[in-house]
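Remarks on the overall topology
This is what each chain is made of:
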Amino acid sequence: MVTYEDLVEFRNKEHKYGKYMHAKTVEIADGYGKCIMEVQDAFTNPVGSVHGGAIFSLADMTAGAASTCKNTRTTTVNCTMNYLKPALHVKKLISEARRIKSGKTIEVYETEVKDEKGTLLATGTFTYFNLGGQLIPD
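An account of the accompanying structure is given in this report.

Re the state of the cysteines
For the structure shown, the criterion picks out zero disulfides. Between Cys-35, a cysteine without a disulfide, and Cys-69, which holds the nearest cysteine sulfur, the sulfur-to-sulfur distance is 13 Å.

This is the structure:
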């Protein structure tokens, strides 16, 4: 039987974009995911804030991790992001996702992205489609 720890390990090993973004999955539980990204200088925009695309990528990765909690293959269908504060002079971003709706083929997750001090920087609502099949074969 595939455990949450197996899912975390698999995602960190196989998630090439996550590696590129210096992000890793640290926790998966029932309807929950948590990821951390080490901010790189290349992720900042001309005003010195972490680019919204980097924040979005982390939020999507986190909701995606949560959506695999049943060892299912999923893909993003839709998202709405709200950027609440600029991510100025931050070293780390922490994102958490919680399931708010679960259906036969569609699931919806709320995400929060915070800096290392716990300041809420962005929120998002992500919708995922179940592609069928297992992420990790039993």
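Some remarks on the pattern of salt bridges
This structure, assessed with the given rule, holds four salt bridges. In this structure, the salt-bridge partner of Arg-98 is Glu-96, at a minimum N-O distance of 3.5 Å. On the accessibility criterion, Arg-98 (42% relative accessible area) is partly exposed. A salt bridge links Glu-112 to Lys-114, with the nearest nitrogen and oxygen atoms 3.7 Å apart.

Notes on the layout of surface pockets
The space that makes up the largest pocket amounts to roughly 320 Å³. Arg-11, His-15, Asp-60, Met-61 and Gly-64 are, among the 16 residues lining the largest pocket, the residues nearest its centre. Elements with a minimum of two residues in the lining of the largest pocket: helix H1 (4–14), helix H3 (52–67) and strand E3 (72–83). For the lining of the largest pocket, the element with the highest residue contribution is H3, accounting for five residues. Residues that form the lining of the largest pocket fall into these classes: six nonpolar, seven polar and three charged.

Topic: empty space enclosed by the protein
Scanning the model with the defined rule gives one cavity of 30 Å³ or more in all. By volume, the largest cavity amounts to about 30 Å³. Along its surface, the largest cavity is lined by Tyr-17, Gly-18, Met-21, Ala-23, Met-37, Ser-57, Leu-58 and Met-61. Those elements that provide at least two residues to the lining of the largest cavity are helix H2 (16–20) and H3. With three residues, H3 is the single largest residue contributor to the lining of the largest cavity.

Topic: the nonpolar core
Generally speaking, a soluble globular protein has its nonpolar side chains buried in company with each other. One finds Met-37, Val-50, Ile-55, Leu-58, Leu-93 and Val-113 to be the most contacted residues of the largest nonpolar core, which totals 32 residues. Every element with two or more residues in this core is listed here: H1, strand E1 (23–29), strand E2 (32–38), H3, strand E4 (92–102), strand E5 (106–115) and strand E6 (120–134). Top element by residues in this core is H3. It accounts for eight residues. The contacts of Ile-55, once residues within four sequence positions are left out, are Val-50, Met-81, Tyr-83, Ala-87, Leu-93, Val-113 and Ala-122.

Some words on a nonpolar patch on the surface
Side chains of Val-77, Phe-129 and Leu-131 sit close together on the surface and give an oily, nonpolar patch of about 250 Å² of accessible area. Summarising the element assignment, Phe-129 is placed in strand E6. The partly exposed category is assigned to Phe-129, whose relative accessible area is 32%.

Some words on the environment of Lys-104
Here Lys-104 lies in the loop between E4 and E5. A residue is classified by how much of its surface remains accessible, and Lys-104, at 82% relative accessible area, is exposed. The sequence separation of Lys-104 and Asn-130 amounts to 26 residues, and the corresponding C-alpha distance is 7.9 Å.

Analysis parameters
Residues numbered from 1 in each chain as written. Predicted model: local features only at pLDDT ≥ 70, side-chain atom pairs only at ≥ 80, totals over all residues. Heavy atoms only, no water. Disulfide = S-S within 2.5 Å. Salt bridge = Lys/Arg side-chain N within 4 Å of Asp/Glu carboxyl O. Buried < 20%, exposed > 50% of the residue type's maximum accessible area, 1.4 Å probe, protein only. 1 Å grid on protein atoms, 1.4 Å probe; cavity = no way out; pocket = protein on both sides within 12 Å on 5 of 7 lines; lining within 4 Å. Points joined across faces, edges and corners; volume = space filled by probe spheres on them. Helix = DSSP H or I, 4+ residues; strand = E, 2+ residues; numbered from the N terminus. Nonpolar A, V, L, I, M, F, W, Y, C, P; charged D, E, K, R; others polar. Core = buried A, V, L, I, M, F, W, Y, C linked by side-chain atoms within 4.5 Å. Contact = heavy atoms within 4.5 Å. Patch = residues over 30% accessible without salt bridge, like charges linked within 9 Å, V, L, I, M, F, W, Y side chains within 5 Å. Areas by Shrake-Rupley, 256 points an atom, 1.4 Å probe, with all protein chains shown as cover.

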